[in-house]
Amino acid sequence: MIPRVNERSHTPHDPLSAALGRPLSAEEVLTEDTVVAHWQGLYYFTLDGDQTMWTAAQWTEHLEDPLVHYRDGRRAIFHLDARLHPDDRDLSDAEWAEVAHRLARAAGIETPGDKKGCAWIAVQGQRGRLDLIASLIRYDGTWQKQPADHLRRLQEEARRIEQDLHLTPVRAAAERRSIARPVPTASVQLATVLSQLADEQSGPLATVRGLVEHTAHRIAQQPGAAGPDLAHRLELIARRLHGIQHDLDTTAAALITAPRPRVAVPPRPAVQAPARRSP
């Protein structure tokens, strides 16, 4: 199983379309065979508590509801996809649900017992693939704090899922070595600094990006020919800042999981066979 974290987006529409493998049809009802798991507070949206299926449009509305707290253009939609080996068997709905909850906890988008946490769903829309789509804005209006090493945690959890469900293991000896060995203290310290810079909730880059996006929005509403062009330039700057945040977060995760340099071992000298005596 290979988990992959995609670039965050403004809305869940494109991630849901990618999960289904086709353009999104707003009126299509996504059954329990497709949406195999979801956050525990979902049933607060229902009046009688019996509804278990919604249309694609309703699912996107559920995921977008917490975004009312932030309308400053931040990319708050998290998208993770996990793919099985082509030779793996087809998992049951219950097994996909188990995989979804385990990956959601590893990614830091689900905390057991947290009723005001992230809104998220797990979509099994293509063979051998599972997609987790979440809003990183919680129902209490705060940003969900994901672990700085959530990429490493996802990889480790994927290895455990392979073992528990008897799936084809990923042959990554270097990855196993990096997990088994202790992480150098200097790398941990540097990864912590990079994670703080990239933090979406309280990091300085997120603050600057929010101000730039807010300024772009205000300039775009001002009369004059220069307004739209200047607003577009600011939006591009904000996009580059988000890319820098993503690169810093990825680098921090790589520092935590980086293997130690190998020490070259000189080859052993060949042992020559003793010469035979002449008769």
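Everything in this summary refers to the structure shown in the same document. Small disclaimer: the values here were computed from a predicted structure and weren't measured.

Working note: a packed helix pair is described by the angle between its axes plus the distance between those axes. Following both chains from N to C, one finds helix H3 (residues 93-107) and helix H4 (residues 150-164) inclined at 155°, their axes separated by 8 Å at the closest point. The pairing of H3 with H4 is recorded here as roughly antiparallel in orientation. As for the relative orientation of H3 and H4, their crossing is right-handed in sense. Judged by residue contacts, Val-99, Arg-102, Leu-103, Ala-106 and Ala-107 of H3 engage His-150, Arg-153, Leu-154, Glu-157, Arg-160, Ile-161 and Asp-164 from H4.

One open sheet holds the 5 strands; their spatial order is E1-E5-E7-E6-E3, and the pairing between them is antiparallel. With one partner strand each, in any of the chains shown, strand E1 (2-5) and strand E3 (35-38) form the two edges of the open sheet. Taken over all neighbouring pairs, the strand axes of this sheet differ in orientation by 20° on average, direction set aside. As judged from the 3 bridges shared by E3 and strand E6 (residues 119-126), these two strands associate in the antiparallel manner.

Turning our attention to a nonpolar patch on the surface. Taken together, the side chains of Leu-190, Val-193 and Leu-197 make up a nonpolar region of the molecular surface, amounting to roughly 230 Å² of accessible area. Tracing the chain through its elements places Leu-190 in helix H6 (residues 185-198).

By the definition in use, this model includes 16 salt bridges. Across the salt bridge formed by Arg-152 and Glu-156, the nearest N and O atoms sit 2.6 Å from each other. Of this pair, Arg-152 and Glu-156 both sit in helix H4, 4 residues apart, which is roughly one turn of the helix. Through salt bridges that share partners, Glu-98, Arg-102, Glu-157, Arg-160 and Asp-164 make up one connected network.

Quick look at the layout of surface pockets now. What the largest pocket holds in volume is close to 520 Å³. Along the wall of the largest pocket there are 25 residues; nearest its centre are Arg-8, Gln-146, His-150, Ala-198 and Asp-249. Those elements giving two or more residues to the lining of the largest pocket turn out to be H4, H6 and helix H8 (226-257). It is H8 that provides the largest number of residues to the lining of the largest pocket, a total of 5 residues. A breakdown of the residues in the lining of the largest pocket according to their chemical character gives 8 nonpolar, 12 polar and 5 charged.

So, about empty space enclosed by the protein. What the rule picks out here adds up to 1 cavity of 30 Å³ or more. For the largest cavity, the calculated volume is near 100 Å³. Lining the largest cavity are Trp-39, Gln-40, Ile-109, Glu-110, Thr-111, Asp-114, Lys-115, Gly-117, Cys-118, Trp-120, Arg-138 and Gln-144. Among the residues forming the lining of the largest cavity, the class breakdown is 4 nonpolar, 4 polar and 4 charged.

Among the structural elements, Glu-110 can be located in the loop between H3 and E6. Here Glu-110 falls in the buried class, since its relative accessible area comes to 14%. Among the polar contacts listed, one links the side chain of Glu-110 to the side chain of His-101, at a separation of 3.0 Å. Setting aside residues up to four positions removed in sequence, Glu-110 forms contacts with His-101, Ala-104, Arg-105 and Trp-120.

Definitions and cut-offs
- Residues numbered from 1 in each chain as written.
- Predicted model: local features only at pLDDT ≥ 70, side-chain atom pairs only at ≥ 80, totals over all residues.
- Heavy atoms only, no water.
- Axes fitted to C-alpha atoms, helices over the stretch in contact; angles between N-to-C directions.
- Helix = DSSP H or I, 4+ residues; strand = E, 2+ residues; numbered from the N terminus.
- Parallel < 35°, antiparallel > 145°, perpendicular 65-115°, else oblique.
- Left-handed = near helix turned anticlockwise from the far one by under 90°.
- Contact = heavy atoms within 4.5 Å.
- Pairing = 2+ DSSP bridges.
- Patch = residues over 30% accessible without salt bridge, like charges linked within 9 Å, V, L, I, M, F, W, Y side chains within 5 Å.
- Areas by Shrake-Rupley, 256 points an atom, 1.4 Å probe, with all protein chains shown as cover.
- Salt bridge = Lys/Arg side-chain N within 4 Å of Asp/Glu carboxyl O.
- 1 Å grid on protein atoms, 1.4 Å probe; cavity = no way out; pocket = protein on both sides within 12 Å on 5 of 7 lines; lining within 4 Å.
- Points joined across faces, edges and corners; volume = space filled by probe spheres on them.
- Nonpolar A, V, L, I, M, F, W, Y, C, P; charged D, E, K, R; others polar.
- Buried < 20%, exposed > 50% of the residue type's maximum accessible area, 1.4 Å probe, protein only.
- Polar contact = N/O pair within 3.5 Å; in protein donor to acceptor, adjacent residues only side chain to side chain.

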